[in-house]
Every structure is written in structure tokens, then in C-alpha cells.
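Chain by chain, the residues run as shown.
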Amino acid sequence: MPSARRLTPGRNFGIISDVTGLHHTGIAGLDTRPRTMAFDLVLFGGTGDLTWRKLMPALFQAFRHGKLPPGGRILAVARDERSDDDYRTFIRERFVEVEEAKRPTDDEFARFAELLHYRRMDLSQPEHYAGLRQWLDARGAKTAVLFLATSPHLFTQICAQLGQAGINGPNVRVVLEKPLGHDLASAQEINRVVSASFPENQALRIDHYLGKPAVQNLMALRFGNALFEPLWRRESIANIQITLAEAIGVGTRGDFYDRTGALRDMVQNHALQLLTMIAMEPPAVNDADAIRDEKLKVLRSLKPFTPESVARDVVRGQYKGYLDEAKVPAGSACETFVALRTEVQNWRWAGVPFYLRTGKKLASREAHIVVNFREVPHPIFPGTSRPNKLVIKLQPEDGLELHLLAAKGTGGAESLVPVSLDLDFDKAFAENRIGAYERLLMDAIAGRLNLFVRSDEQEQAWRWVEPVLEAWRQDTTGPRPYAAGTWGPAAASALIARDGCAWAEEQ
Ligand code: BG6
């Protein structure tokens, strides 16, 4: 048995954790030990933004931390002609965009670069897939992971061609990055084509929010501790709020964003995935399908929208200045903000409002989940009422805050003051922190599927947002304008105030 070890405590909590145990048996499949298996990782879209902004830095961190299984090759695939060395130089140069602590030294890059290879492919040409197959077969790695970091309109074509070329054996996994479709029908079509070549357990849909350490901690908090579970229900919880706020605008992604909007970009996937993690029943075992079955049940229990409830329970906004952003069409009605109220219609959650909110150009970059508990049933401290709340912080820091009331000094009722127990995971687990893409890439290589979204979950999420998209298509009033640097349109506060509640920053 590994010995227990005390880590740096958070401000008010002492954390005692068996670091080895955490690593090897975490509730959400946290096993990140290097394994002795060779792998090939093929990055379609090897010169694109996602590859050099997110995937290469994540792979380098995994390499630096010794987490990349030995004997791996990383093959970037793109349209233009380059040598391996040209490609290595291309990636090396892009590391200047990465935060300094995560940039490689010359020596580190030289060693990392030995893993990098490049191959030109025209993705419409069957013989180019045959060439890729030869490249893979020549070594016969134990695992091949094919990451589609291309424009999503190529997903079906690539998957079909991979299937025809026979690059879909049981040791091959394909990883699909969002957006997966723009509505239910397009998502189903993608899933239909992908599943013709890759069975469900070989098709990994990434939602990078599931790779964030806070999400692992949410699973650990709920299912690794007995403390909260008895309270995790309608009898004790008044409402739950999920906020995914960004301070930046759409930047140079105006054309993509305008076709997407906040509902498709953040709610259908990231916000709903967090909601499922909060609301799901405890899975019987820590296994990908057991977890995903429970998440799917939550999605199926979400209160369906009607045209009337969309008008009442969904607020869409657009930041002032959005229409002046590059590549945004004149007069666009695209929403950059959404706030909504929903309910999970089952025994555990009946009647408990779930508020979701996301937007660009908001007051700060902040992602958190707030669980607001009910008032005490019989107050004996007159004039002091502040229900407990638990804040699960995803960004900018990653931690937990439990808000309580405490008696200050020797006074009476008037001296009850709010205090909080703070747990700062970034500090406490500094040496074990890994980024979302690093975790998900290592999971994809190792075949751990817990943190990937199953097709039925993804389709159910589309089914739920579709009536909102449809109602907005019919409604010509368009999104409500809001000033950059605020918390969105006033209607978002009114939405929650109607139930006698307030968003976290107003509490
Ligand atoms: C992406 C969205 O999925 O998530 C972006 O397409 C958004 O619009 C990003 O900016 C936010 O991710 P994070 O990890 O920075 O909160």
C-alpha cells in the first residue's frame, strides 16, 4: 500500500491525499501512468490552429511529464508539401505563442521533435489513405489514434475513406473535435457515417470541458465522499447555476462564430456536460458506459422547451460592437450570450431550477458551478439569513468554496458572519496538474473512454436545444444588446430574479 501523504493545504481545509492512489484509481479513470505500448497518433489538420495552439503544446507537456507512452510517433497530415524537418521548424516557431513556462527549451524540443513526422495528403484521394495505411502497417503500433483536427465538414469524408482503406481495425480510434453538426439531423448524419467505419467504442467525441481537472474533482466530490451525496437533492438544494463566462470577444473567428452562436458553441456541449455531471445518479461502477448511461438519463430528463417556454426561460444577447468584428455579416442576429432556466424532471431534482449562462465579452473570464442550498427550516438567529452554497470553480482557478455562517466573537445573532472554506486545487495538487487536452489525448491513446461523449448523449443534447433554435428562427426581435464588460443583458438577471434568486456575482 502506498503511504498517505499530506499535500499543501488549501486556505482552510487540510487535504490528505494518497497521491499514488489518486493517480491510479481516480473515480473518473485518472490512471495516467505511462504504459509500455507503442502508439501512432495521426493529426489530420496537422498545420491548423487546433493542432499548434492546443494539441502540440498538450503533447509536449505530456512528453515533458513523462506521460507519453514510449515508442510513440506523431504524424501530422496536411495538404501542402513539407519535409519532416520543415514541419518540426513550423511547430517550433509556433511555440512562441504558448505561455512561457510551457515552452520547450532547445534541448527538450530536439528530443520531442524526434516523435514528429509529416505527410502530405489530399483527403479526397483513396490512394493517399492507402499510403497512410502502409505507413502505419510498416511498424504495426499497438494503437493508432486518428485525431480529426480539421474543419468538421471533412469528418464524414475522412471517416468513410479510412474505413474503405481498412484503417479501422480494433486497435484504431478516431477522435472527433466539436462542432459535431449544427443540429440534430446533421449530428445524426455524422454519427451514421462515422459508425459505418468505427464502432462506438472506437469513436471518441471530445468535449474539452470534461478534461478540465475541476470536472474530475466534481466526480470525486460526489462519488468519492459520503458527505454531500445525502444533500445532493431537491430537499436540500434550492437551485444550481452554471456560468461559463469569457472576457474575450469572437476575435478572428467571426465567420465560424456567426454560423454557430453561443447556444451551439457552449450550451449544447460544455454547459450541458457539466449539468449532467452535477445531476447524474451515482454510476454503479467507474466505467465509461456506466457513467455515460447516467449522463444520458439526465439529458433525457431535461424539461423540453416549447415556443412559450423559450420566450419565458431563455435570454439571448449580443455584445455591442459584435457587428463590427471582422468577418461578421451585417445585421447578424447571432447570439454571443445565452442565459436559460431549465429543470431535471426526476425524483431527485423535481422543481429545482438549473440556470445556465454563457457569453463572450462579459465582465471576467470565469467558469463555475454554484450549488445554492435551502434556507434553514427554522431560523433562530433573527435578521441573519444566508443559505449555504458550494462553489465549484473551473476557471480561472480550479477549486472548491463552501460558504457557511459562523459566529464572530462572543456576540449574539447580529454577529453571525459569512465565512468560506476554500480549497485551491491548483496549489494543493500543483505537481499533478495537467491540462484538459493533455488528459484527453493520453486517455485517447490509452483507450479510456470515460471522458468522451457518446453519440446518444450528443444527439440527445441536440434534441433538447433544437426547439430553442427553432423559436429563435421564428422570432424576428433578435438578441438583446449588452455592453462589453458587463454580465449580459438585464433580462438575464430578471430571469433568475423571477424565482427570487440572483446570479453568483449579485448574491
Ligand atoms: C470552445 C469554443 O469550445 O471553448 C470557444 O468554441 C470558447 O468559443 C472555448 O472560447 C472556451 O474554452 P475554455 O477552455 O477557454 O473555457
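In short, a report on the structure. (Residues numbered from 1 in each chain as written. Predicted model: local features only at pLDDT ≥ 70, side-chain atom pairs only at ≥ 80, totals over all residues. Heavy atoms only, no water.)

### Concerning the environment of Ser 186
Inspection of the secondary structure puts Ser 186 in helix H7 (residues 184-197). Classification of Ser 186 by relative accessible area gives buried; the value is 15%. In the structure, Ser 186 is positioned 38 residues away from Gly 224 in sequence and 38 Å away in space, judged by C-alpha atoms. Here the side chain of Ser 186 touches Asp 183 through a polar contact of 2.6 Å, side chain to side chain. (Helix = DSSP H or I, 4+ residues; strand = E, 2+ residues; numbered from the N terminus. Buried < 20%, exposed > 50% of the residue type's maximum accessible area, 1.4 Å probe, protein only. Polar contact = N/O pair within 3.5 Å; in protein donor to acceptor, adjacent residues only side chain to side chain.)

### Comments concerning helix H10 (residues 288-301)
A rise of 1.5 Å per residue sets the reference length of H10, with its 14 residues, at 20 Å; its end C-alpha atoms lie 20 Å apart and thus fit the reference within 8%. Within the span of H10, buried status applies to Ala 288, Ala 290, Ile 291, Arg 292, Glu 294, Lys 295, Leu 296, Val 298, Leu 299 and Ser 301. On its buried face, H10 is in contact with helix H8 (213-223), helix H9 (254-279), strand E11 (337-343) and helix H14 (455-474). Capping the start of H10 is the job of one residue whose side-chain oxygen sits 3.1 Å from the backbone nitrogen of Asp 289: Asp 287. (Expected span 1.5 Å × (residues − 1). Contact = heavy atoms within 4.5 Å.)

### Remarks on the sheet that holds strand E15 (residues 399-407)
Reading across the sheet, the nine strands line up as E16-E15-E14-E13-E9-E12-E11-E10-E17 and stay open at both edges, with mixed pairing between neighbours. Since the sheet does not close on itself, it has two edges, and those belong to strand E16 (416-424) and strand E17 (480-482), each with one partner. This sheet shows a mean twist of 20 degrees between the axes of neighbouring strands, independent of strand direction. Both strand E10 (residues 314-319) and E17 contribute to a ladder of three bridges, which runs parallel. Bridged to Tyr 319 within E17 is Tyr 482. Helix-sheet contacts for H8 involve strand E13 (366-373), strand E14 (389-395) and E15, and the interaxial angle to E14 is about 150 degrees. Packing against the sheet, H9 makes contact with strand E9 (237-245), E11, strand E12 (353-359), E13 and E14, and its axis sits at approximately 140 degrees to E12. (Pairing = 2+ DSSP bridges. Axes fitted to C-alpha atoms, helices over the stretch in contact; angles between N-to-C directions.)

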